[in-house]
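# What the coordinates show
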Amino acid sequence: MASIKGKLFEFFVYRLLVSCGFKPVTPDGLLVYKGGPGLMVQGVGQPHNADVLLAPPIQTPFYYPTRLLVECKCYNKSIGLPQIRNALGLRDDINNFEIVTEEILKNRKSNRSSKPKFYDTKRYVYQVAVASIDGYKSTAYPFAKAHRIPLISFAQSALFADVRRAISELDDIAKDDEGFAQGIRAHLSYVML
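Turning to the sheet that holds strand 2 (residues 32-35), a few remarks are in order. The sheet built from three strands is open, its strands ordered 2-3-4 with antiparallel pairing. Among the strands making up the open sheet, the edge pair consists of strand 2 and strand 4 (48-49). Where strand 3 (residues 38-41) and strand 4 come together, two bridges link them in antiparallel fashion. Looking at the pairing, M40 lines up with N49 of strand 4.

Set out below in structure tokens:
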């Protein structure tokens, strides 16, 4: 029986950021689409599962629109350097993805026209953050800081102690009741998409 602890943590991070003004990203079926594990975001190498994907409440003018992808880590241990390196690779992969069609390539090839050619392509700049319910190892901080990867920790905060406890308790109940677990997964998938 699969643990629902991670999905509950993703939902909590999602709701927290939405309550701070972030906006849900609606799948367009191309750059962002619904897949087996949830929302998927296209990358150069492959599509990636987005635990939490939101747009900030205010966009920077005269710049590509930005999005925030949060990798949620609900482990029973602190997050280390490998997970932060993965976040950096994820950010690089999704930020370098661009749809290039055969039509665009042919038009570029015959650019003898004096008129400028504009291609209606959607492009976003993604920031990738890592949220951890159990904090981070000391090796994670300098690497994250050097590469501007926000770290969101719920480990030491008394404010979130009840949330951490509730997630663990619901996970324990779900381990004993598969119907309950399936209901929670279905509800969370519906609410977050």
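Right, let's talk about helix 5 (residues 161-176) for a bit. An α-helix turns once per 3.6 residues; consequently, residues spaced three or four apart project the same way. The terminal C-alpha atoms of helix 5, which comprises 16 residues, lie 23 Å apart, in line with the 22 Å expected from a rise of 1.5 Å per residue. Turning to helix 5, its buried residues are R164, I167, D171 and A174. One face of helix 5 carries all of its buried residues, which in axial projection span an arc of 90 degrees. Relative to its buried face, helix 5 has exposed residues pointing more than 90 degrees away, namely D162 and D176.

So, about the pattern of salt bridges. Considering all chains together, one arrives at four salt bridges under this definition. Here E98 ties to R123 by a salt bridge, and the two come within 3.7 Å at their closest N and O atoms. Here R123 lies in the loop between helix 3 (102-109) and strand 7 (125-132) and E98 lies in the loop between helix 2 (81-95) and helix 3, a separation of 25 residues in the sequence. Judged by its relative accessible area of 40%, E98 is partly exposed. Judged by relative accessible area, R123 falls into the partly exposed class, the value being 22%. In this structure, D162 engages R165 in a salt bridge whose closest nitrogen and oxygen atoms are separated by 2.4 Å. Taken together, the residues D162 and R165, both in helix 5 and three residues apart, mark about one turn of the helix.

In the sheet, strand 2 pairs with strand 3 via four bridges, with the strands oriented antiparallel. Bridge pairing in strand 3 links V32 to V41. Hairpin geometry of strand 2 and strand 3 is characterised by an intervening segment of two residues between the two adjacent antiparallel strands.

The terminal C-alpha atoms of helix 1 (residues 5-19), which comprises 15 residues, lie 21 Å apart, in line with the 21 Å expected from a rise of 1.5 Å per residue. Every buried residue of helix 1 is listed here: K5, L8, F9, E10, F12, V13, Y14 and L17. Downstream of helix 1 by one or two residues, G21 has phi in the positive range, about 110 degrees.

Rules used in this analysis
Residue positions are given per chain, counted from 1 along the sequence in the order it is written. Residues qualify for local features only when their pLDDT is at least 70, as the model is predicted, and side-chain atom pairs are given and counted only at 80 or more; totals for whole chains, interfaces and linings, by contrast, use all residues. Each side-chain value is worked out from all heavy atoms of the structure, with water and hydrogens disregarded. Two strands pair under a simple rule: DSSP has to find at least two bridges between them. Starting at the N terminus, helices and strands are each numbered in turn, a helix being any DSSP run of H or I of at least four residues and a strand any DSSP run of E of at least two. Take the number of residues in a helix, subtract one, and multiply by 1.5 Å to get its expected span. Think of it in three bands: residues with accessible area under 20% of the maximum for their type are buried, residues over 50% are exposed, and the middle band is partly exposed, with areas taken using a 1.4 Å probe on protein chains only. Here, the arc refers to the directions that run from the helix axis to the C-beta atoms. By definition, a salt bridge exists where a carboxyl oxygen of Asp or Glu is found within 4 Å of a side-chain nitrogen of Lys or Arg.

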